Amino acid sequence: MAARCLVGLIAVALSLTGAARLCRAQSAERWAAQQQAAAAKTDRIMADVNAHKGLLDQYLAMREAYVSDNSQAFRLLFGQYVSWYQSFLGAYPEAMDSFSIAQHAQPGDNPSPLAEDGYVARPALDAIPELAKNYRIVLFNEAHNIALTRSLTVQLLSRLHDEGFNYFAAETLVQTDTALTSRGYPTDNSGFYTEEPIYAEMVRTALKLGFKVVAYEATTDTSSSDARESEQAQNLYKQVFARDPQAKLVINAGYEHITTSGSYLGGSSMAEHLHKLVALPMLSIDQTAMYPHPSKEDDHPYYTEIMDKLRPQAAIVFVNAAGKPWALRSSYDVNVFFPPSHVIRGRPAWLTLGELRQPFPTSADECHAHYPCLIEARYSNEGDDAIPADRLLLDLAPLETSESNVSLYSSTQGVPSGNLYLRPGSYRLKFITKGEKVVHQENIVVPATPTHH
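Attention here is on the structure that accompanies the text. All residue numbers refer to positions counted from 1 along the written sequence of the respective chain. Only residues with pLDDT of at least 70 are given local features in this predicted model, and only at 80 or more are side-chain atom pairs given and counted; all residues enter the totals for whole chains, interfaces and linings. Hydrogens and water are ignored here; the side-chain numbers use all heavy atoms of the structure.

**Things to note about the overall build of the protein chain**
The secondary structure content of the protein chain amounts to 13 helices and 16 strands. Each residue's exposure class comes from its accessible area (1.4 Å probe, protein chains only) as a fraction of the maximum for that residue type: buried when under 20%, exposed when over 50%, partly exposed otherwise. A burial count over the protein chain gives 57% of its 453 residues as buried. In what follows, residue pairs with any heavy atoms lying within 4.5 Å of each other are defined as contacts. Here the contacts in the protein chain between residues at least 6 apart in sequence split such that 73% fall between residues at least 24 apart. Each accessible area value is a Shrake-Rupley result obtained with a 1.4 Å probe; residue values ignore everything except the protein chains displayed when judging cover. Entry remark: accessible area of the protein chain is about 18,700 Å², with carbon and sulfur atoms responsible for 50%. Secondary structure elements follow DSSP: runs of H or I of four or more residues count as helices, runs of E of two or more count as strands, with numbering from the N terminus.

**Brief notes about unusual backbone geometry**
For the peptide bond that leads from tyrosine 371 to proline 372, omega is -5°, which places it in the cis range. With respect to the element layout, proline 372 can be found in the loop between β11 (358-363) and β12 (373-379). Here alanine 279, not a glycine, exhibits a phi torsion of approximately 50°, which is positive. Relative to the assigned elements, alanine 279 resides in the loop between α12 (270-278) and β6 (282-290). Given a relative accessible area of 57%, alanine 279 falls into the exposed group. The phi dihedral of arginine 311 is positive, around 45°, even though this residue is not glycine. Assignment of secondary structure puts arginine 311 in the loop between α13 (301-310) and β7 (316-319). Given a relative accessible area of 59%, arginine 311 falls into the exposed group.

**Some words on the pattern of salt bridges**
For this analysis, a salt bridge means a side-chain nitrogen from Lys or Arg found within 4 Å of a carboxyl oxygen belonging to Asp or Glu. By the definition in use, this model includes 17 salt bridges. Aspartate 126 is the partner of arginine 159 in a salt bridge, and the nearest nitrogen-oxygen pair spans 2.6 Å. Here the residue arginine 159 occupies a position in helix α8 (residues 148-162), and aspartate 126 occupies one in helix α7 (residues 124-132), the gap between them amounting to 33 residues. The partly exposed category is assigned to arginine 159, whose relative accessible area is 32%. When the shortest N-O distance is used, the salt bridge between glutamate 201 and arginine 204 registers 2.7 Å.

**Focus on the state of the cysteines**
Two cysteine sulfurs form a disulfide in these notes if their separation is within 2.5 Å. Per the counting criterion, the structure on display carries 1 disulfide. The disulfide partner of cysteine 367 is cysteine 373, and the gap between their sulfur atoms is 2.0 Å. Where cysteine 367 bonds to cysteine 373 through sulfur, the torsion about that S-S bond is close to -80°, and the disulfide is left-handed. Considered together, cysteine 367 and cysteine 373 belong to a single accessibility category, that of buried residues.

**Brief notes about the sheet that holds strand β16 (residues 437-446)**
What holds strands together in a sheet is hydrogen bonding between their backbones, with the strands either parallel or antiparallel. Within the open sheet, the 4 strands sit side by side as β13-β12-β15-β16. Their pairing is antiparallel. Two strands lie at the open edges of the sheet, namely β13 (390-394) and β16, each paired on one side alone. Taking each pair of neighbouring strands and ignoring which way they run, the sheet shows an average axis angle of 20°. Relative to β16, strand β15 (residues 425-433) is paired through 9 bridges, and the arrangement is antiparallel. Residue pairing across strands places leucine 429 opposite glutamate 442, the latter belonging to β16. Most of the contacts of helix α4 (residues 55-67) go to β13, to which it runs at about 50°, and overall it touches β12, β13 and β15. The rule for pairing is simple: two strands pair if DSSP sees at least two bridges between them. Helix axes use the C-alpha atoms of the stretch in contact, all axes being lines fitted to C-alpha atoms, and the angles between their N-to-C directions lie in the range 0 to 180 degrees.

**Quick word on the packing of aromatic side chains**
The description of an aromatic ring pair rests on the distance of the ring centres and on the angle between the ring planes. Note on aromatic contacts: the rings of Phe and Tyr and the six-membered ring of Trp form a pair at centre separations within 6.5 Å, being stacked when their planes are under 30 degrees apart, edge-to-face when over 60 apart, and tilted otherwise. By the definition in use, this model includes 15 aromatic pairs. The interplanar angle of 15° and the centroid separation of 6.2 Å between the aromatic rings of phenylalanine 78 and tyrosine 81 together place this pair among those described as stacked. With phenylalanine 78 and tyrosine 81 both in helix α5 (residues 72-88) and 3 residues apart, this pair spans about one turn of that helix. Judged on exposure class, the residue phenylalanine 78 and its partner tyrosine 81 are both buried. Members of the aromatic cluster, each reached through a chain of ring pairs, are Phe74, Phe78, Tyr81, Trp84, Tyr85, Phe88, Phe192 and Tyr193. The rule for a charge over a ring is simple: NZ of Lys or CZ of Arg within 6 Å of the ring centre, and within 35 degrees of the ring normal. Above the plane of the ring of phenylalanine 74 lies lysine 41, whose end atom (NZ or CZ) is 4.7 Å from the centre.

**Some thoughts on helix α3 (residues 28-49)**
If you check α3, its first and last C-alpha atoms are 31 Å apart, about what 22 residues at 1.5 Å a residue would give, namely 32 Å. Looking at α3, one finds that the buried residues are Trp31, Gln35, Ala38, Ala39, Thr42, Ile45, Met46 and Val49. Down the axis of α3, the smallest arc covering the buried residues is 130°, so these residues share one side. Facing away from the buried side of α3 by more than 90 degrees, the exposed set consists of Glu29, Arg30, Arg44 and Ala47. For a helix, the expected span equals 1.5 Å multiplied by the residue count minus one. Note that the arc is defined by the directions from the helix axis to the C-beta atoms.

**Describing the pairing of strand β2 (residues 137-142)**
A large share of β2 lies buried, amounting to 6 of its 6 residues. Of the two faces of β2, the one lined by Ile137, Leu139 and Asn141 and the one lined by Val138, Phe140 and Glu142 are each fully buried. Where β2 and strand β5 (residues 249-254) come together, 6 bridges link them in parallel fashion. Among the inter-strand pairings, valine 138 is bridged to a residue of β5, identified as valine 250.

**Some points on the nonpolar core**
Within the largest apolar cluster, 79 residues are counted, with the highest numbers of intra-cluster contacts made by Phe78, Tyr85, Ile128 and Phe168. It is α5 that provides the largest number of residues to this core, a total of 10 residues. When neighbours within four sequence positions are excluded, isoleucine 128 is seen to be in contact with Phe140, Leu152, Leu156, Ile285, Val317 and Val336. Side-chain atoms within 4.5 Å link the members of a nonpolar core, which is a set of buried Ala, Val, Leu, Ile, Met, Phe, Trp, Tyr and Cys residues.

**Notes on the side chain of histidine 440**
Relative to the assigned elements, histidine 440 resides in strand β16. The term polar contact refers here to a pair of N or O atoms within 3.5 Å; inside protein, the definition further demands a hydrogen-donor-capable atom paired with an acceptor-capable atom, and it admits residues adjacent in sequence only when both atoms are side-chain atoms. Side chain to side chain, histidine 440 and glutamate 442 meet in a polar contact 3.0 Å long. Contacts of histidine 440, omitting those with residues within four sequence positions, involve Glu366, Leu429, Lys430 and Phe431.

So, to be careful, I would describe these as geometric facts and stop short of saying anything about function.
In structure tokens form, the structure reads like this:
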């Protein structure tokens, strides 16, 4: 993925964060030039990174590049790349620390659901399928480096399938992976964000449930944001509704691709372009605004208020007596609120995916004192090319720098151990150290009854 494609997103992020002060303190031209230089440098770094064979070595090369340049434009852009790769490695708290977009109150925000009569909190897992009954298209968005924002979608797929939804389209999937459906799982060649285990689980789950999985990314005209959005919508129309006019479609996309009104980077969103083609009712569900940020100062005031008052244990949405859901802004229909993450042995407990998976204690004993050490767990019935069900990155201690808020290794607090999160069943574990060296392999069975640690 070229860094230049992200400059627009970084500009959006800056408008929502304290870094915007930097933009105001200098000319727009100078800041634009710094962004372009950072994008060009990122492209060069990633070309070198991609020459490394393994994910761990790629990440170590990125870490070295990150700490070598403390310029604001480079840190903002490349920090997002670092964050993506930390999520790929299963280092989810670290990924959030490296990059997250603050959610401050905006002039167009609707009143809080606590301030409006009739709105009550409901478990998102129950409310969203009920809302979806009235729609042919349901759109979920996500923050690409925050796997929490795709965790609910994994859980909802079975319930949406029960409601008759039969197509699943996911941003990042590439059309060249023609064997995805017959194989049943994503590989390194399936896309970009699919490298992250929860995203891979989302695609794998859709395939197992019988969804027809669709790759819709633009491939011919990405000269502008609007051209990309338009081509994505056309791909969805051609692959789904042109072939099956009665289709019911679930779409997973990033950020504002799913907005159903307003301008998107000077044009229209993928969802708006799709609506022009099919004129079908859409339910647009935002999962990128109401989640716990590394700093509470970056949480939206409504989020803080609702978490303090209701203290939910799972994701919630608000619905009134007439069945109308609450949304923060008019560009979406629903907002999901994710509760604060409870971290156990360095990893968030939401990795259970609503109790679909269990913690499986793992230590670095078989790393033989070679650190950092990456542990990968693959389903026994899948090939060695499969994206793992989970990854765990272990080291003796995080490497900290005074110039960076990026945590460079998993937060093991000095203890080289942690939990893998896995569904009941059998798996192959692989322990990998620098140089893509496999130092140990073993088979395990995760019992149906969880073991608490």
